[in-house]
Amino acid sequence: MAADVPAPPGPDAFDSVLDAIGGTPLIRLARIAPRVYVKAEFLNPGGSVKDRAALAMVLDAERSGALPPGGLIVEGTSGNTGIGLAIVAAQRGYRLTVVVPDKTSSEKTAILRAYGAEVVVTPGAVPQEDPEHVRQVARRVAADRGGWLADQYDNPANPAAHRATTGPEIWRQTHGRITHFVAGVGTGGTVSGAGAYLKEVSGGRVRVVGADPEHSVYSGGDGSPYLVESIGHYRHPDTAEDVWPRSYHRGVVDHVEAIGDRESILTARRLAREEGLLLGASAGTAVAAALRLAARSAPDALIVVVVPDSGRSYLSKYYDDGWLLRLGFPVGHAAGPTVADVVGPLPAPPPAVPATASVGEALADRHPAALRPVGPRRPGSPPGSLSVAEVTGTLDVAELRRLVTAGTARPADPITAHVTDPLPTIGITESPAAARARLGTREAAWIVVDGRIAGSLRNGQLG
Ligand SMILES: Cc1ncc(COP(=O)(O)O)c(C=O)c1O
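Just so you know, these numbers come straight off a predicted model, no measurement behind them.

**Examining the overall build of the chain**
Looking only at helices and strands, the chain has 13 helices and 16 strands in total. By the burial criterion, 50% of the 463 residues in the chain qualify as buried. Residue pairs at least 24 apart in sequence account for 67% of intrachain contacts in the chain once pairs closer than 6 positions are excluded.

Structural data, given as structure tokens:
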């Protein structure tokens, strides 16, 4: 070819999948709330906002020499950061081990394995200091095998990724007209990084709102479990010192909105049906916070809310009616009576009895329920609000009272000898027939409303 003939242009393409990270569209909630725009992070190649942080953390570790060529990447994650790291690892020639808490959806662990990552599952509901805690296991695996711990919770490259990319994209996409920025708070990287940029560039005009599951400690909750994955901060009752991630810069956030599991899940389901957006439950939390904000803000407000991932990772949970009904959430099912109809109005939920209580302490309060769940009582918990995830046993206080009267049990005795296994659970929204089938020959069950113990029923009550 003659020297002055230009080479034909190459294909109009990214050089690798890594170049496809970021640059996600902003989509108006045209039907539900036209002043609210979602930043569609589920359109990243790994399916979540976390691709951004994963890429930034690896590039940073390469630059600092912390991650040598061909090295091992280790991370504790609720799944999405692991998926982002798996993509970067595949493209740049690293091995990857991810440690996930046991509440992580089966879809996410299957995706991680599909990318060739090693997955270690560890209990989620343990104190931060416990050797089995996700972050402790990840630290140990990295130390034992000479790996590099990405450590999204404390790695400054995580919020920096959002300051450098997510924030500027939103500013450009709204032509500087954004008034409110809403993001769920997990590690805090998204809300802190993008929020700081948007505040700076707007001269402090943009208000930054964190969306948090009710009960999470970020919004002042008791730290007890909730069902939405990947955001919030759980606190085990035995935690000695509750340490928050350094990726969460609290000073950036003007307000944290607490959203209950029911509202988060139902909002996510509504977005699928009314906007054609199939999203995860943390997107439901963030959009629910944005909808509350839209209802109380000026008509010229322009609210941008990050929707972190797709509902495809949660088909077995938030989009499975059976799963939701067993936890007592109100989702559509065939017409007919529910457990609520056959048991009638419930008294106040039975307070939990701590496993360490004495017989006298267990009998001290005069709540009428004969059966009590055994589990932690947390300072600041509303009375009787115990998550099904924290029930460790059952105490028949009516029987115990009889034993004390008969002199067979003494008030100073520990309750341990009288605690039996946790009862099966029945959702208040289930059909009595489904509940009866699952109960089988068991005599009693906990009635569950929105994932929390609301009372108990005897088998015969189901008809
Ligand atoms: C689905 C989902 N939503 C929200 C978040 C929270 O983002 P961040 O860690 O930046 O606070 C994450 C992070 O893991 C996530 O995976």
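**Brief notes about the pairing of strand 5 (residues 118-122)**
Regular strands have side chains that alternate between both faces of the sheet. Pairing between strand 4 (residues 95-101) and strand 5: five bridges, direction parallel. Bridging from a neighbouring strand, valine 99 pairs with valine 120 of strand 5.

**Details of the nonpolar core**
As a rule of thumb, soluble globular proteins bury nonpolar side chains together. Counting residues in hydrophobic clusters, the biggest one holds 87 residues, and the most contacted among them are Val182, Ala286, Ala290 and Val305. Sort the elements by how many residues they give to this core and helix 8 (residues 281-295) lands first, with ten residues. Here this core spans two domains, and each of domain 1 (17-47 + 159-321) and domain 3 (329-462) adds at least three residues to it. Counting residues in each nonpolar core, the second largest holds 35 residues, with Ala86, Ala89, Ala117 and Ala142 among its members.

**Section: the site of the ligand**
In the vicinity of the ligand lie 18 residues, with Gly186, Thr187, Ser230, Ser282 and Pro308 positioned nearest. Going through the elements one at a time, helix 2 (80-92) and helix 6 (189-201) are the ones with two or more residues in the shell around the ligand. Residues of the shell around the ligand, tallied by class, amount to three nonpolar, 13 polar and two charged. Two domains each donate at least three residues to the shell around the ligand, and these are domain 1 (17-47 + 159-321) and domain 2 (50-149).

**Structural notes on unusual backbone geometry**
A positive phi angle, close to 50 degrees, is found at histidine 175, a residue other than glycine. Mapped onto the elements, histidine 175 comes out in the loop between helix 5 (157-173) and strand 7 (180-184). Although it is not a glycine, histidine 215 sits at a positive phi angle of roughly 85 degrees. Counting through the fold element by element, histidine 215 comes out in the loop between strand 8 (207-213) and strand 9 (255-259).

**Things to note about the domain arrangement of the chain**
The assigned domain composition of the chain is domain 1 (17-47 + 159-321), domain 2 (50-149) and domain 3 (329-462). Put simply, the middle of domain 2 and the middle of domain 3, counted by C-alpha atoms, are 38 Å apart.

**Here's the deal with helix 1 (residues 50-64)**
Along an α-helix, a turn takes 3.6 residues, which lines up residues three or four apart on a common side. Here helix 1 is 15 residues long and its end C-alpha atoms lie 21 Å apart, about the 21 Å a rise of 1.5 Å per residue gives. Within helix 1 the residues assigned to the buried category are Lys50, Asp51, Arg52, Ala53, Ala54, Leu55, Ala56, Met57, Val58 and Ala61. Looking at the buried side of helix 1, the elements it contacts are helix 2, strand 6 (148-149), helix 5 and helix 6. Phi turns positive one or two residues past the end of helix 1, at glycine 65, with a value near 85 degrees.

**Quick look at the sheet that holds strand 7**
Reading across the sheet, the six strands line up as 1-2-10-7-8-9 and stay open at both edges, with mixed pairing between neighbours. Sheet topology places strand 1 (26-29) and strand 9 at the edges, where each strand pairs with a single neighbour. Neighbour-to-neighbour, the strand axes of this sheet turn through a mean angle of 30 degrees, independent of strand direction. Of the pairings in the sheet, the one linking strand 7 to strand 8 comprises five bridges and is parallel in character. If you follow glycine 184 over to strand 8, its bridge partner there is alanine 211. Seen against the sheet, helix 6 touches strand 7, strand 8 and strand 10 (303-307) and runs at an angle of roughly 170 degrees to strand 7.

**Focus on the sheet that holds strand 13 (residues 419-420)**
Sheet architecture is open: three strands sit in the order 11-12-13, paired in antiparallel fashion. Edge positions in the open sheet fall to strand 11 (371-374) and strand 13, since each of these has one partner strand only. Pairing between strand 12 (residues 393-396) and strand 13: two bridges, direction antiparallel. Looking at the pairing, threonine 394 lines up with threonine 420 of strand 13.

**A closer look at the packing of helix 1 against helix 5**
It is at 8 Å that the axes of helix 1 and helix 5 come closest, and there the two elements cross at 115 degrees. The chirality of how helix 1 crosses helix 5 is right-handed. Residues Arg52, Ala53, Ala56, Met57 and Asp60 of helix 1 form the contact with helix 5, whose participating residues are Ala157, Asn158, Ala160, Ala161, His162, Thr165 and Thr166. Tallied by class, the residues present in the contact of helix 1 with helix 5 amount to six nonpolar, four polar and two charged.

**Comments concerning the pairing of strand 16 (residues 452-458)**
Across the seven residues that make up strand 16, a large majority, five, are buried. Of the strand pairs in this sheet, strand 15 (residues 444-449) and strand 16 are connected by six bridges, and their pairing is antiparallel. Across the sheet, the residue bridging to alanine 444 is arginine 458, located in strand 16. The turn linking strand 15 back onto strand 16 is made up of two residues, and aspartate 450 within it adopts a positive phi angle of 50 degrees.

**A look at the confidence of the model for the chain**
Per-residue pLDDT for the chain has a mean of 94; in total, 98% of the residues score no lower than 70. No element of the chain has a lower mean pLDDT than helix 13 (residues 432-439), which averages 92, and none a higher one than strand 7, which averages 99.

**Describing the environment of glutamate 443**
With respect to the secondary-structure elements, glutamate 443 resides in the loop between helix 13 and strand 15. The exposure class of glutamate 443 is exposed, given the 9 C-beta atoms found within 10 Å. Residues glutamate 443 and glutamine 152 lie 291 residues apart in sequence; the distance between their C-alpha atoms is 47 Å. Residue contacts for glutamate 443: discarding those within four places in its chain leaves Arg458 and Asn459.

**A word on the packing of helix 7 (residues 261-275) against helix 8**
Taken N-terminus to C-terminus, the directions of helix 7 and helix 8 make an angle of 95 degrees; their axes are 7 Å apart at the nearest point. Viewed along their axes, helix 7 and helix 8 adopt a mutual orientation that is roughly perpendicular. For the pair helix 7 and helix 8, the contacting residues are Glu263, Ser264, Ile265, Thr267, Ala268 and Leu271 in the first and Ala281, Ala283, Gly284, Thr285, Val287 and Ala288 in the second. When the residues that make up the contact of helix 7 with helix 8 are grouped by side-chain class, the tally is seven nonpolar, four polar and one charged.

Quick notes on the rules
- Residues numbered from 1 in each chain as written.
- Predicted model: local features only at pLDDT ≥ 70, side-chain atom pairs only at ≥ 80, totals over all residues.
- Helix = DSSP H or I, 4+ residues; strand = E, 2+ residues; numbered from the N terminus.
- Buried ≥ 20, exposed ≤ 12 C-beta atoms within 10 Å, placed from the backbone.
- Contact = placed C-beta atoms within 7 Å.
- Pairing = 2+ DSSP bridges.
- Core = buried A, V, L, I, M, F, W, Y, C linked by C-beta atoms within 7 Å.
- Domains from an automatic or database assignment.
- Near = placed C-beta within 6 Å.
- Nonpolar A, V, L, I, M, F, W, Y, C, P; charged D, E, K, R; others polar.
- Expected span 1.5 Å × (residues − 1).
- Axes fitted to C-alpha atoms, helices over the stretch in contact; angles between N-to-C directions.
- Left-handed = near helix turned anticlockwise from the far one by under 90°.
- pLDDT = per-residue confidence, 0-100.
- Parallel < 35°, antiparallel > 145°, perpendicular 65-115°, else oblique.

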